[in-house]
Amino acid sequence: QVQLVESGGGLVQPGGSLRLSCAASGSIFSIHAMDWYRQAPGKQRELVAAITSGGSTKYADSVKGRFTISRDNRKKMVYLQMNSLKSEDTAVYYCNAEVVVAGQLYGMDYWGKGTLVTVSS
């Protein structure tokens, strides 16, 4: 019913920038919070950044000042601008959204399949 599709990952040198995008589609009535998570090899998935439907944001300490999350409610998209990338930012980045499906009363969590970001020289 709901699909989240990430794009924008790739290989970038340390200090470089990337912009990730996530598009939500399907029988969507509304979207509450939209988040970006990441999972590095051998590590647990962690929250990178989150944004409410009203635009309030929060970030992991490790990315504050370097990453910016934003969203376009009309297009049902969320973005992650990543600047000053470091090797430790290498991970698969996942989009997560709390979506209220048309005809339902409560939101449910949906996940994308992820996009790989590799920071290496």
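Residues numbered from 1 in each chain as written. Predicted model: local features only at pLDDT ≥ 70, side-chain atom pairs only at ≥ 80, totals over all residues. Heavy atoms only, no water.

J.: In this structure, what is going on with the sheet that holds strand E3 (residues 18-26)? I would like to understand it.
T.: Two pairing modes exist for strands in a sheet, parallel and antiparallel, and in both the strands are linked by backbone hydrogen bonds. What the four strands build is an open sheet, ordered E1-E3-E8-E7; its pairing is antiparallel. Because the sheet does not close on itself, it has two edges, and the strands there are strand E1 (2-7) and strand E7 (67-72). On average, each strand axis in the sheet is tilted by 15° relative to the strand beside it, whichever way the strands run. Judged from the six bridges that link them, E1 and E3 form a sheet pairing that is antiparallel. From the neighbouring strand, Gln3 faces E3, where its bridge partner is Ser25. (Pairing = 2+ DSSP bridges. Helix = DSSP H or I, 4+ residues; strand = E, 2+ residues; numbered from the N terminus. Axes fitted to C-alpha atoms, helices over the stretch in contact; angles between N-to-C directions.)

J.: Is there a simple way to think about the pairing of strand E11 (residues 115-119) in this case?
T.: Here is the key point about a regular strand: its side chains alternate between the two faces of the sheet. Only one face of E11 is covered, namely the one carrying Thr115, Val117 and Val119; the face carrying Leu116 and Thr118 has none of its residues buried. The pairing of strand E2 (residues 10-12) with E11 spans three bridges and is classified as parallel. Bridge assignment links Leu11 to a residue of E11, and that residue is Thr118. Note: strand E9 (residues 91-101) against E11, three bridges, orientation antiparallel. Its bridge partner lying in E11, Ala91 is registered against Val117. (Buried < 20%, exposed > 50% of the residue type's maximum accessible area, 1.4 Å probe, protein only.)

J.: Explain the layout of surface pockets here, please?
T.: A probe matching the size of a water molecule, rolled over the atoms, marks out where space remains unfilled. Of the voids in this model, the largest pocket is the one considered here, and its volume is about 160 Å³. For the largest pocket, the full set of lining residues is Arg38, Gln39, Ala40, Pro41, Lys43, Gln44, Glu46, Glu88, Thr90 and Ala91. Split into classes, the residues belonging to the lining of the largest pocket amount to three nonpolar, three polar and four charged. (1 Å grid on protein atoms, 1.4 Å probe; cavity = no way out; pocket = protein on both sides within 12 Å on 5 of 7 lines; lining within 4 Å. Points joined across faces, edges and corners; volume = space filled by probe spheres on them. Nonpolar A, V, L, I, M, F, W, Y, C, P; charged D, E, K, R; others polar.)

J.: Teacher, can you tell me more about the side chain of Arg38 here?
T.: Among the secondary structure elements, Arg38 is positioned in strand E4 (residues 28-39). Given a relative accessible area of 6%, Arg38 falls into the buried group. Among the polar contacts listed, one links the side chain of Arg38 to the side chain of Tyr93, at a separation of 2.9 Å. Apart from residues lying up to four places away in sequence, Arg38 is in contact with Gln44, Arg45, Glu46, Val48, Ser62, Val63, Phe67, Glu88, Asp89, Ala91, Val92 and Tyr93. (Polar contact = N/O pair within 3.5 Å; in protein donor to acceptor, adjacent residues only side chain to side chain. Contact = heavy atoms within 4.5 Å.)

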